[in-house]
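# Structural overview
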Amino acid sequence: YSNFIDDLRVYVRGGTGGMGYPNLGGEGGRGGDVWFVARERTTLKSIREKYPQKRFVAGTGANSSVKALKGEKGKDCEVHVPLGISVLDDDGKQIGELNAAGERFLAARGGLGGSLATNFLPCKGQRRTVHLDLKLIADVGLVGFPNAGKSSLLSKISHAKPEIANYAFTTIQPELGRIMYADYKQISVADLPGLIEGAHANKGMGHKFLKHVERTKQLLLVVDISGFQLSIKTQFRTAFETILLLTKELELYKEELVTKPALLAINKMDLPCAKDNLDELMTQLENPQDFLHLIEEEMIPANTLEFREVIPISTYTGEGIEELKTCIRKSIDEQAEQVNEEYRKKKLLLLQTSK
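None of these values were measured; they are calculated from a predicted model. (Residues numbered from 1 in each chain as written. Predicted model: local features only at pLDDT ≥ 70, side-chain atom pairs only at ≥ 80, totals over all residues. Heavy atoms only, no water.)

Moving on to the environment of aspartate 7. Examined against the element boundaries, aspartate 7 turns out to sit in strand E1 (residues 7-13). Of the residues examined, aspartate 7 reaches a relative accessible area of 35% and is grouped as partly exposed. Residues aspartate 7 and lysine 45, spaced 38 residues apart in sequence, show a C-alpha to C-alpha distance of 9.4 Å. Those residues in contact with aspartate 7 that sit more than four places away from it in its chain are Leu44, His131, Leu132 and Asp133. (Helix = DSSP H or I, 4+ residues; strand = E, 2+ residues; numbered from the N terminus. Buried < 20%, exposed > 50% of the residue type's maximum accessible area, 1.4 Å probe, protein only. Contact = heavy atoms within 4.5 Å.)

If you want it as structure tokens, here you go:
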């Protein structure tokens, strides 16, 4: 995670108000405010590099004087932050959220200027330490155990160039890619660090991975058809068990994740016996209840994921890649249409009730 920062702790302080003018009843200017402003092409790493002290202080309000009885407001301090930021206080409570470019959050209010109410003495600005917590916003989030082929898949369907190797934890920081379609439609895909069993309890990369899944519109599970084993000390899992385990980890972290629209990509179809393994897996997916007795009870999720499509692929030969891209596009378009339809119904209902 050295090149990627998704949490930054900063100190913010509103400006002190200006002095009042007792003889003429003059009022000092209010202190400036500290604002977080969402901006594209900004990263938490760039903020840390530009402001190593991680302190943001707004300007002091102008004093009241004979020439200007009403002092001017202090200069505001604007901090540009990435999209997808949650602002948390020191207790971990969320106090704000910035998801779209141009959105603003008042991080620290400036103090009032000196006036009759304050005996003409200025007030200090609000001061506090806050956490900027980044959750990547993407249309599709790739979910899978290490070495399932997520990075290879991202490089095949987009212009992203993630690191690819034959050891388990290749992806140690989130990678974003964009699928480009012939009609210039773009769909963003996030390849996130591989889950391991116990990720919900913060094992491995745990919450650093799972929190990024929250803001994706859809999930794309990538599963190795030959199964998965992290090391010789851990148990081997079949493709069916892998799907259940991934679902369980998502569910234990946050139940709502399992309700997201999901696609399933069965990778490494170029391997020997892949066809037989796929036939067996499809049978298990059609009637999962018939096979749950083969698995430990604690591994079984309360709700199984409903896959819109199951697509066999091979990132090695390119098999199924175009079909997968088509399925992703179709699923995203259907979801957008569904959201629009719900919005139209809500508007219509509001019009009817207002009449």
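Now for the pattern of salt bridges. Inspection of every chain in the model, using the stated rule, returns 22 salt bridges. Two residues, arginine 329 and aspartate 333, come together in a salt bridge whose shortest N-O distance is 2.9 Å. Note that arginine 329 and aspartate 333 are positioned in helix H6 (residues 321-354) at a spacing of four residues, about one turn of the helix. Linking glutamate 341 and arginine 344 is a salt bridge whose minimum nitrogen-to-oxygen distance equals 2.7 Å. Note that glutamate 341 and arginine 344 are positioned in helix H6 at a spacing of three residues, about one turn of the helix. (Salt bridge = Lys/Arg side-chain N within 4 Å of Asp/Glu carboxyl O.)

Nonpolar side chains in soluble globular proteins tend to be buried together. Formed by 56 residues in total, the largest nonpolar core has its most connected members in Val34, Phe36 and Leu132. Every residue in contact with leucine 132, bar those within four places of it in the chain, is listed here: Asp6, Asp7, Leu8, Val10, Phe36, Leu44, Val81, Ile85, Ser86 and Val87. Core analysis: the next-biggest nonpolar cluster, separate from the first, contains 21 residues, Ile157, Tyr181, Ile313 and Ile332 among them. (Core = buried A, V, L, I, M, F, W, Y, C linked by side-chain atoms within 4.5 Å.)

It is at 9 Å that the axes of helix H4 (residues 239-253) and helix H5 (residues 274-286) come closest, and there the two elements cross at 40°. Here H5 runs oblique to H4, going by the angle between their axes. Residue-level contacts link Ala239, Phe240 and Ile243 of H4 to Leu281, Gln284 and Leu285 of H5. Here the contact of H4 with H5 is composed, by residue class, of five nonpolar, one polar and no charged. (Axes fitted to C-alpha atoms, helices over the stretch in contact; angles between N-to-C directions. Parallel < 35°, antiparallel > 145°, perpendicular 65-115°, else oblique. Nonpolar A, V, L, I, M, F, W, Y, C, P; charged D, E, K, R; others polar.)

Axis separation between helix H2 (residues 150-157) and H6 bottoms out at 11 Å; the angle between their running directions is 80°. Classified by the interaxial angle, the pair formed by H2 and H6 is roughly perpendicular. Along its contact with H2, which presents Leu153, Lys156 and Ile157, the element H6 presents Ile321, Leu324 and Lys325.

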